[in-house]
Amino acid sequence: MKKISLKMKLTLLYTLLMSGVVVIILILLFSLSSRQILSSVQSRLRNRVYSASDDIEYDSGRLDFDSDLDDTEWGIYLSVYQEDGTYLYGRTPTGFSNTMAFSDNALRTFRQGNTTYYVLDLYTYVKDYGNVYIRGVASGTDAEEDMIIIRNAALILMPLMVLLTAALSYFMTRYTLRPVSRITETVRQICREKDLSKRVHLGEGKDEIYQLARTFDDMLDQVETGMKREKQFTSDVSHELRTPVSAMMLQCEELLDDPDLDEKTRSGITFLDQKVRYLARMISQLLMLSRTDQGRQKVQMESVDFSEMTDMVVQEAQDMAQERQIRIQADIRPGIHITGDETLLIRMWMNLLENAVRYGKDGGHVHVGLSEKNGFVIGTVEDDGIGIAPEDLPRIWERFYQADTSRSRSDSSGLGLSMVRWIINAHHGTIQAESAPGKGSRFTFKLPVGKSRPPA
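K.L.:
Honestly, the packing of aromatic side chains in this entry has me stumped. Any pointers?
P.N.:
Evaluation of the coordinates by the stated rule reveals 13 aromatic pairs. Relative to tyrosine 89, the ring of phenylalanine 65 has its centre 4.6 Å away and its plane inclined at 5 degrees; by these criteria the two rings are stacked. Here the residue phenylalanine 65 occupies a position in strand S2 (residues 62-65), and tyrosine 89 occupies one in strand S4 (residues 87-90), the gap between them amounting to 24 residues. When its relative accessible area of 18% is taken as the criterion, phenylalanine 65 is described as buried. Measuring from centroid to centroid gives 5.7 Å for tyrosine 170 and phenylalanine 171, while their planes differ by 75 degrees, and the two rings are edge-to-face. Residue phenylalanine 171 is classed as exposed on the basis of its relative accessible area, which comes to 52%. Pairwise contacts between aromatic rings join Tyr81, Tyr87, Phe102, Tyr123 and Tyr133 into one cluster.

Following this line, the structure appears as structure tokens:
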């Protein structure tokens with residue numbers, strides 16, 4: 001049942017419920033109707049027999065019978081007998097054996113073959129003639145057959161009623177849950193397009209679904225407001241920090257240019273200079289990500305020799321890798337050109353390579369690959385370092401996320417991969433990561449060879 005949609009669950013529930021109600025009602029109706037029909041037959045039989053005494057007169061030395069006695073009104077047959085049982089007038093049902101003894105004013109049941117009869121005898125006095133018996137006979141089987149016909153018709157119509165109930169339940173449920181589908185689609189659009197400005201906007205309504213939609217829109221308003229404040233705070237703080245950090249960098253450079261510094265002081269200032277430069281890089285990345293969030297980061301598209309640019313970045317990263325005796329091996333196909341922002345593409349390569357060197361093992365290897373296939377440029381950066389746990393892999397693209405303490409190096413801001421993904425998306429490409437703890441990581445991106453458009 002967990003795999004069945006709510007729409008189908010409600011449809012099945014309504015169908016079963018309505019079918020059960022209909023079945024119970026039919027059973028009650030058949031039971032009550034059967035009793036009512038038989039009671040009605042008996043009541044009509046009494047009325048016909050009692051009223052028949054008025055249709056018999058004695059005139060001019062003979063009995064005179066009204067023609068109404070010959071009518072089979074309501075399926076009731078009437079006949080008149082002398083006291084000794086001699087037949088005088090009337091009709092009896094075909095196949096009815098008139099051998100029953102007379103019993104005054106007693107309603108009796110007589111079964112002959114497959115037919116059940118109700119028999120009522122009335123001993124009555126005819127003026128100037130004497131007493132006679134009036135016998136009324138009604139077939140109970142005819143009434144039962146009518147009930148059987150109704151029952152069979154109900155059994156035939158029951159499946160059609162179930163199908164009709166299911167169809168009506170489905171359309172009613174679909175109509176009722178239409179606002180829920182709209183809420184779901186809005187959530188999917190927000191997740192797909194990363195656009196918190198979208199709203200459900202169901203309009204006015206007082207039921208629970210409309211209240212849910214309004215609550216959801218109110219929540220989105222609060223989330224969007226909070227995100228805007230966070231982005232503005234990040235931008236403001238980054239701008240405010242640039243000036244003092246730049247001053248600190250200049251001061252460190254001036255102090256390091258002093259030849260009279262003793263070794264201990266120079267070592268301390270060098271360490272401080274490294275930390276300040278790391279802080280400057282992080283502020284620069286924060287400013288860039290802040291501009292992308294606000295849609296102010298421009299992407300300058302131009303034709304780029306991607307092979308030559310990649311080779312240049314690899315050579316620059318090799319100097320950084322030598323500190324840990326890591327060797328960068330490059331397999332770059334020459335002559336690959338793409339349309340993109342050269343500055344952003346260089347930063348993308350540098351972030352990937354810095355990440356590989358930072359988390360690679362001492363004396364290890366980093367492999368860089370660049371090729372072209374089926375209209376796409378395919379780039380890879382693979383290291384043999386500490387790797388990433390499977391539960392952490394989906395979150396490495398989040399800002400400031402550090403997988404674990406072993407990966408939380410002091411010179412890692414947690415912004416590099418976030419920026420890499422944004423640059424790849426800005427060039428309408430894709431990137432994925434594969435990793436295993438203790439065996440290293442592999443990052444693979446694909447960029448279209450054709451023209452790219454800057455994001456809106």
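K.L.:
Help me out: how do you make sense of the pattern of salt bridges in this one?
P.N.:
A side chain of one charge can pair with a side chain of the opposite charge when the charged atoms of the two come close. Within the structure shown, the criterion is met by five salt bridges. Put simply, aspartate 121 and arginine 135 hold a salt bridge, and the shortest N to O gap is 2.7 Å. Placement of the pair is aspartate 121 in strand S6 (residues 115-126) and arginine 135 in strand S7 (residues 130-139), with a sequence separation of 14 residues. On the accessibility criterion, aspartate 121 (0% relative accessible area) is buried. What makes arginine 135 buried here is its relative accessible area of 0%. In this structure, aspartate 362 engages arginine 324 in a salt bridge whose closest nitrogen and oxygen atoms are separated by 2.7 Å.

K.L.:
Help me out: how do you make sense of the confidence of the model for the chain in this one?
P.N.:
Taken as a whole, the chain shows an average pLDDT of 81; of its residues, 85% reach a score of 70 or greater. This stretch, residues 405-410, has a pLDDT under 50; its non-local contacts, to residues over four places away or in other chains, come to 13 contacts. Below pLDDT 50 for its whole length, residues 451-456 participates in 12 contacts with residues either more than four positions away or in separate chains.

K.L.:
How do you make sense of the environment of glutamine 251 when you look at a structure like this?
P.N.:
Relative to the helices and strands, glutamine 251 is located in helix H4 (residues 208-256). In this structure, the C-alpha to C-alpha distance between glutamine 251 and isoleucine 269, residues 18 residues apart in sequence, is 9.7 Å.

K.L.:
For this particular structure, what's the right way to read the pairing of strand S5 (residues 107-112)?
P.N.:
Working note: regular strand, side chains alternate between the two faces of the sheet. Of the pairings in the sheet, the one linking S5 to S6 comprises six bridges and is antiparallel in character. What sits directly across from phenylalanine 110, in S6, is tyrosine 117. Connecting S5 to the next strand, S6, in antiparallel fashion are two residues, including glycine 113 with a positive phi near 65 degrees.

K.L.:
Please explain a negative patch on the surface as it appears in this structure.
P.N.:
Judged by side-chain charge, Glu57, Asp59, Asp64, Asp66, Asp68, Asp70 and Asp71 come together as a negatively charged surface patch. Locating aspartate 71 in the fold gives a position in the loop between S2 and strand S3 (76-82). Taking the relative accessible area as the measure of exposure, aspartate 71 reaches 40% and is therefore partly exposed.

K.L.:
Please clarify how the sheet that holds strand S13 (residues 430-436) should be interpreted in this entry.
P.N.:
Whether parallel or antiparallel, the strands of a sheet pair through hydrogen bonds between backbone atoms. Spatial ordering of the open sheet is given by S9-S11-S12-S14-S13, a layout of five strands whose pairing is mixed. Each edge of the open sheet carries a strand with a single partner, namely strand S9 (327-332) and S13. Between one strand axis and the next, the sheet turns through 10 degrees on average, direction left out of account. Sheet topology places strand S12 (residues 376-383) next to strand S14 (residues 440-448); seven bridges connect them, and they run antiparallel. Residue pairing for S14: glycine 379 is matched across the bridge by phenylalanine 445. Its contacts with the sheet place helix H6 (residues 306-322) against S9, strand S11 (365-373), S12 and S14, and it is angled at close to 175 degrees to S9. Its contacts with the sheet place helix H8 (residues 416-426) against S13 and S14, and it is angled at close to 145 degrees to S13.

K.L.:
Explain the packing of helix H7 (residues 342-359) against H8 here, please?
P.N.:
Each pair of packed helices can be summarised by the angle the axes make with each other and by the distance between the axes. Where H7 meets H8, the closest approach of the two axes is 9 Å, and the angle between their N-to-C directions is 145 degrees. Taken as a pair, H7 and H8 cross one another with a handedness that is left-handed. Within the contact between the two elements, H7 uses Leu344, Leu345, Arg347, Met348, Asn351, Leu352 and Asn355 and H8 uses Gly416, Leu417, Met419, Val420, Trp422, Ile423 and Ile424. Looking at side-chain class alone, the contact of H7 with H8 contains 10 nonpolar, three polar and one charged residues.

K.L.:
Before we go on, may I ask you to explain the side chain of serine 307 in this structure?
P.N.:
Among the secondary structure elements, serine 307 is positioned in helix H6. Those residues within four positions of serine 307 in sequence are excluded, and the remaining contacts are Ile332, Arg333, Pro334, Gly335, Ile336 and Leu370.

K.L.:
I'm lost on a nonpolar patch on the surface in this one. Help?
P.N.:
A cluster of nonpolar side chains, contributed by Leu157, Leu160, Met161 and Leu163, occupies part of the molecular surface with about 380 Å² of accessible area. Looking at the element boundaries, methionine 161 is found in helix H2 (residues 140-176).

K.L.:
What am I meant to see in the pairing of S13 here?
P.N.:
Bridge analysis of S13 against S14 gives seven bridges, and the strand direction is antiparallel. Bridge pairing in S14 places alanine 436 opposite glycine 440.

About the cut-offs
- Residues numbered from 1 in each chain as written.
- Predicted model: local features only at pLDDT ≥ 70, side-chain atom pairs only at ≥ 80, totals over all residues.
- Heavy atoms only, no water.
- Phe/Tyr/Trp six-rings, centres within 6.5 Å; stacked < 30°, edge-to-face > 60°.
- Helix = DSSP H or I, 4+ residues; strand = E, 2+ residues; numbered from the N terminus.
- Buried < 20%, exposed > 50% of the residue type's maximum accessible area, 1.4 Å probe, protein only.
- Salt bridge = Lys/Arg side-chain N within 4 Å of Asp/Glu carboxyl O.
- pLDDT = per-residue confidence, 0-100.
- Contact = heavy atoms within 4.5 Å.
- Pairing = 2+ DSSP bridges.
- Patch = residues over 30% accessible without salt bridge, like charges linked within 9 Å, V, L, I, M, F, W, Y side chains within 5 Å.
- Areas by Shrake-Rupley, 256 points an atom, 1.4 Å probe, with all protein chains shown as cover.
- Lys, Arg positive; Asp, Glu negative; His and termini not counted.
- Charge placed at Lys NZ, Arg CZ, Asp CG, Glu CD.
- Axes fitted to C-alpha atoms, helices over the stretch in contact; angles between N-to-C directions.
- Left-handed = near helix turned anticlockwise from the far one by under 90°.
- Nonpolar A, V, L, I, M, F, W, Y, C, P; charged D, E, K, R; others polar.

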